[in-house]
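The chain contents come next:
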Amino acid sequence: MLHTAIEQRLHLRVLEVLPDASLDCLRLRPCADTKFGDYQANGLMTLAKERKQNPRQLAEEVLLGLDVADLCSSVEIAGAGFLNFRLKTEAVAQMLVDAQQGDALFVAPASHPRRFVVDFSSPNVAKPMHVGHIRSTILGDAIARTLRRLGHTVITDNHIGDWGTQFGKLLIGWKTDLDRAALDRDPLVEMGRLYKLVNARFEADDVIKGQARQELVKLQDGDAENLACWREMIELSLREFDKIYQRLGVRFDHVLGESFYNPQLKGVVQALVDAGLARESEGAIVVFFEDIPELKENPALIQKNDGAANYTTTDLATLAYRRETFHPDEVVYVTDGRQQLHFKQLFTIYHRWQPSDTTVLSHVWFGMILGPDNKPFKTRTGENIELGWLLNEAEERAFTTVTEKNPEMPESERREIARVVGIGAVKYSDLLPNRQSDYVFSWDKMLALQGNTAPYLQYAYTRIRSVFRKAAELGWQPGAARFALAMPEEIALAKHLLRYGQTLEGVLSEYRANYLCNYLYDLAGLFARFYENCPILKSEGEERNDRLALCELAGRVLKEGLNILGIETTEKM
Ligand code: ARG
């Protein structure tokens, strides 16, 4: 049997009374304050307006016809015409019994699964991944995991920046200054050095400028030597990126870099010109948006006056390819906020070009990571922070804390815990803020065992696990429970578990992972209150069994929720 979440059941009951109301308008949301109830339907007001009816009167009519006695202990009309539902403890218990026996764990799979392409991470070849790519990688991965958990089909594609003018400069550096030994040691650092070397002379030196242009043209024309160098740069870069992805537990179904679309670019430009959507302007080919106020001042270049296509052209070709190959219902792009204009232009051009295509295009953008000085996060010497270094540092710092707490633990075990905690802390601190605001990076805050942090949640998980270790020592296993839920702390925890699925849906509705972070933080808090007020191992018989089973469900949701954020757990900390 498919799991139906309790808010869905209530929703359907309301719809039975109002059969011609639209499905969406009566969705139930968790009450912000449980003083008033557990779930609230506030859509009646909109419906009453549509029907030119008094909202309170409509609410009263609904209440008269509504039959939820098996699920709710009370339904009340509040304010201008909300309905507040309070769940019956028996109904809550039944949901827990179902979860304990099935594997749905409070999540109802999407009734209409959709196909998604998620475009994220997308670093640039020959450059180390920087903090901008961090956020894309972490958030994109969490989005992909959430989509999969709700039963959608997800295709992840890493749109690597492996083409463009930077290769002109890189090729000069590669041919004149390459230090092979340094390249072996750390390819991205060496390539970064070569780039900077040439770049520093570039602006002031017309000879270098000319050379860079020539090298680029040779590469574009398929010159064997330049192609070989370029391929090596890509291969080395991908190998380095993969090391990071492995540490982060991130994987991609496809890694189709920008260069993959080169053969399509001329055709895209031609198609847009033929369709009358693009025209020549000062030697370049341009799309204008006269009719769109916010884009009016920002026409998009799709071919420069030297005949080269660019980022926009490539993204148009990519979209056409994805449509033909993957048939997605939606394409989600995860990048920093500075690319908002690019994606507005891209989506607008694409819709004009393919007016009958209904693929939803979403740009999920995020703000910057700031240093302690509130300026973009950089090293002391003003360099971009490198993701690999950041992860090392996080693990090292976590190792110090773990060692302080468990000096007698074998080092390999402490290292493993530090890895899970360090990487979890970096990820969580990135997912917790509202994605569109900038946040200040702080080691102390993210690694703290108190507060809304990954280590706090991971620690809560180890506490749950330790209950089971002790229980096992005493010979107890959680068996089928009845969930009497006699204590308020048990009820509060149980009701929170019931909201897990709806939380995941909330994450997807706005692509905001922080909703899940806050849900898990509340879960850990409610668990702590339960743990302090309701003896588990010291209780007896069915009560002990019930509490062990509640503990188990809380542990499963906590572990799974962290996993959806891409964060691992350990048995001990
Ligand atoms: N490589 C780009 C960057 O580092 C991000 C690419 C995002 N994806 C896309 N389809 N444009 O800024």
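All figures in this text were calculated on a predicted structure; none of them were measured in a lab. (Residues numbered from 1 in each chain as written. Predicted model: local features only at pLDDT ≥ 70, side-chain atom pairs only at ≥ 80, totals over all residues. Heavy atoms only, no water.)

Student: What is the right way to look at the site of the ligand in this model?
Tutor: Around the ligand, a shell composed of Asp119, Ser122, Asn124, His133, His159, Tyr311, Asp315, Tyr333, Thr335, Gln339 and Phe343 is seen. Contact between the ligand and Ser122: a nitrogen atom at 2.8 Å from a main-chain N or O atom of the residue. Between the ligand and the protein, one listed contact pairs a nitrogen atom with a side-chain N or O atom of Tyr311 at 2.8 Å. Here the ligand loses 89% of its free accessible area of 350 Å² to cover by the protein chains. Of the residues assigned to the shell around the ligand, the class counts are three nonpolar, six polar and two charged. (Near = heavy atom within 4 Å. Polar contact = N/O pair within 3.5 Å; in protein donor to acceptor, adjacent residues only side chain to side chain. Areas by Shrake-Rupley, 256 points an atom, 1.4 Å probe, with all protein chains shown as cover. Nonpolar A, V, L, I, M, F, W, Y, C, P; charged D, E, K, R; others polar.)

Student: What is the right way to read the sheet that holds strand 9 (residues 300-303) from this model?
Tutor: Two pairing modes exist for strands in a sheet, parallel and antiparallel, and in both the strands are linked by backbone hydrogen bonds. If you trace the three strands from one edge of the open sheet to the other, you get 7-8-9, paired in antiparallel fashion. What marks the edges here is a single partner per strand, and that holds for strand 7 (279-281) and strand 9. Geometrically, the sheet is characterised by an average inter-axis angle of 50 degrees between neighbouring strands, direction not taken into account. In this sheet, strand 9 lies alongside strand 8 (residues 284-287) in antiparallel orientation, the contact comprising three bridges. (Pairing = 2+ DSSP bridges. Helix = DSSP H or I, 4+ residues; strand = E, 2+ residues; numbered from the N terminus. Axes fitted to C-alpha atoms, helices over the stretch in contact; angles between N-to-C directions.)

Student: Just checking my understanding: could you explain the packing of aromatic side chains for this structure?
Tutor: For any two aromatic rings, the description comes down to two numbers: the centre-to-centre distance and the angle of the planes. Tallied over the full model, the rule gives 18 aromatic pairs. On the numbers, 6.1 Å between centres and 90 degrees between planes, the contact of Tyr350 with Trp353 is edge-to-face. Residue Tyr350 and its partner Trp353 are both found in helix 13 (residues 340-353); the two are separated by three residues, about one turn of the helix. Looking at Trp353, the relative accessible area reads 17%, which means it is buried. Three or more aromatic residues joined by ring pairs make a cluster, and in this case those are Phe260, Tyr261, Tyr321 and Phe326. Here Arg415 stacks its cationic end above the ring of Phe399, 3.7 Å away from the centre of that ring. (Phe/Tyr/Trp six-rings, centres within 6.5 Å; stacked < 30°, edge-to-face > 60°. Buried < 20%, exposed > 50% of the residue type's maximum accessible area, 1.4 Å probe, protein only. Lys NZ or Arg CZ within 6 Å of the ring centre and 35° of its normal.)

Student: Even after reading the chapter, I still don't get the pattern of salt bridges, so can you show me in this structure?
Tutor: Pairing between side chains of opposite charge can happen when the charged atoms of each approach one another. Going through the model one piece at a time under the given rule, you end up with 35 salt bridges. Across the salt bridge formed by Arg251 and Asp253, the nearest N and O atoms sit 3.2 Å from each other. Overall, the relative accessible area of 52% leaves Arg251 in the exposed class. The class for Asp253 is partly exposed, based on a relative accessible area of 32%. A salt bridge links Glu416 to Arg419, with the nearest nitrogen and oxygen atoms 2.9 Å apart. Residue Glu416 and its partner Arg419 are located together in helix 15 (residues 411-431), separated by three residues, close to a single helical turn. On the basis of relative accessible area, Arg419 is assigned to the partly exposed category, the value being 23%. (Salt bridge = Lys/Arg side-chain N within 4 Å of Asp/Glu carboxyl O.)

Student: How should I be thinking about the environment of Glu297 in this particular structure?
Tutor: Examined against the element boundaries, Glu297 turns out to sit in the loop between strand 8 and strand 9. Put simply, Glu297 and Gly337 are 40 residues apart on the chain and 19 Å apart in space, counted from C-alpha to C-alpha.

Student: Teacher, can you tell me more about the sheet that holds strand 11 (residues 360-366) here?
Tutor: Spatial strand order, 6-5-10-11: four strands in an open sheet with parallel pairing. Here the strands that pair on one side only, and so sit at the sheet edges, are strand 6 (153-157) and strand 11. For this sheet, the mean angle separating the axes of adjacent strands, direction not counted, is 20 degrees. Relative to strand 6, strand 5 (residues 115-119) runs parallel, the two sharing five bridges.

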